[in-house]
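Chain and residue survey
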Amino acid sequence: MLSVISYPVFVFSVIVSLVLSISLFPVGWFEFRPEWLGLVVFYWTFRAPAQFGIILAWCLGLLLDVLEATPLGVNALAMGLIAFLVLTIHQRLRMYPMPQQCLMVFLLLGINQMLVHFIKQMLGGEDAGFSYLWPALTSAAAWPVFCILLDNINRKLG
């Protein structure tokens, strides 16, 4: 848990994650792009559970739905679920070493990806096998750098 939360760092991290979520990516690598907004929701819910919770995560997911032009509420539900799951385990998660935190990021963002994939399948999307889990894996690989970077920025500006 951070002692001082820098709200400008929070706003900046949300804006950057939304831009990265809709930014152009090479076609062959598109399915490997990390779930940036999921990482931001995970990080801020994990570091400051009293200030950032389910409602804020739901609003950010709704904003992502609008930006990606997906059915309204799909990402909102998924981001709210991530925030809820992180809030239920954040006390234990703080004691985990970094490799175990990466595993939890993979599991929770994997649940997020499965939920989004399931809803899109129900709405008539095409089946992609298990390739929808690649963003969860790349997000887990990016977690140590992402976490340390945001911790350092928040510490300096907070």
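Residues numbered from 1 in each chain as written. Predicted model: local features only at pLDDT ≥ 70, side-chain atom pairs only at ≥ 80, totals over all residues. Heavy atoms only, no water.

Going by an unreviewed UniProt entry, the chain carries the name Rod shape-determining protein MreD and comes from Marinobacter salinus. Checking UniProt for the chain, the heading Function (unreviewed entry) contains the comment "Involved in formation of the rod shape of the cell. May also contribute to regulation of formation of penicillin-binding proteins." Heading Sequence similarities (unreviewed entry) of the UniProt record for the chain holds this comment: "Belongs to the MreD family." (UniProt positions renumbered as here; feature names shortened; annotations may be inferred.)

**Side note on the overall build of the chain**
The number of helices and strands found in the chain is six helices and zero strands. Shown N-terminal to C-terminal, the secondary structure of the chain runs as helices and strands in the order α-α-α-α-α-α. Taken against the 2.2 N^0.38 rule, which gives 15 Å for 158 residues, the C-alpha radius of gyration of the chain at 15 Å falls within 12% of a compact globule. Its C-alpha atoms put the chain at 45 × 30 × 30 Å along the principal axes. Split into buried and exposed, the 158 residues of the chain put 46% on the buried side. Considering only intrachain contacts with a sequence separation of at least 6, the fraction spanning at least 24 residues in the chain is 71%. (Helix = DSSP H or I, 4+ residues; strand = E, 2+ residues; numbered from the N terminus. Rg over C-alpha atoms; globule rule 2.2 N^0.38 Å. Buried < 20%, exposed > 50% of the residue type's maximum accessible area, 1.4 Å probe, protein only. Contact = heavy atoms within 4.5 Å.)

**A closer look at a nonpolar patch on the surface**
Judged by side-chain polarity, Phe25, Trp29, Phe30, Phe32, Trp134 and Leu137 come together as a nonpolar surface patch covering roughly 600 Å² of accessible area. Along the chain, Trp134 turns up in helix H6 (residues 134-157). (Patch = residues over 30% accessible without salt bridge, like charges linked within 9 Å, V, L, I, M, F, W, Y side chains within 5 Å. Areas by Shrake-Rupley, 256 points an atom, 1.4 Å probe, with all protein chains shown as cover. Salt bridge = Lys/Arg side-chain N within 4 Å of Asp/Glu carboxyl O.)

**Some points on the nonpolar core**
Grouped together as the largest cluster of nonpolar side chains are 37 residues, with contacts concentrated most on Leu39, Val41, Phe42, Trp44, Trp143 and Phe146. Taken together, the elements giving at least two residues each to this core come down to helix H1 (7-22), helix H2 (36-47), helix H3 (54-68), helix H4 (74-93), helix H5 (98-122) and H6. Top contributing element to this core by residue count: H2, with nine residues. (Core = buried A, V, L, I, M, F, W, Y, C linked by side-chain atoms within 4.5 Å.)

**Concerning the side chain of Ser13**
Mapping Ser13 onto the fold places it in helix H1. Excluding residues within four positions of it along the chain, Ser13 makes contact with Val40, Trp44 and Leu150.

**Some remarks on the pattern of salt bridges**
Inspection of every chain in the model, using the stated rule, returns one salt bridge. Note that Arg47 and Asp151 form a salt bridge whose closest N and O atoms lie 2.8 Å from each other. Linking Arg47 in helix H2 with Asp151 in helix H6, this pair joins segments that are 104 residues apart in sequence. Of the residues examined, Arg47 reaches a relative accessible area of 12% and is grouped as buried. Taking relative accessible area as the criterion, Asp151 reaches 9% and is therefore assigned buried.

**Observations regarding the packing of aromatic side chains**
On inspection of all chains with the given rule, the structure shows 13 aromatic pairs. Each ring, one from Phe130 and one from Tyr132, has its centre 6.2 Å from the other, and the planes form 35°; the classification is tilted. An aromatic cluster of at least three residues, connected via ring pairs, comprises Tyr7, Phe10, Phe42, Tyr43, Trp44, Phe46, Phe52, Trp143 and Phe146. (Phe/Tyr/Trp six-rings, centres within 6.5 Å; stacked < 30°, edge-to-face > 60°.)

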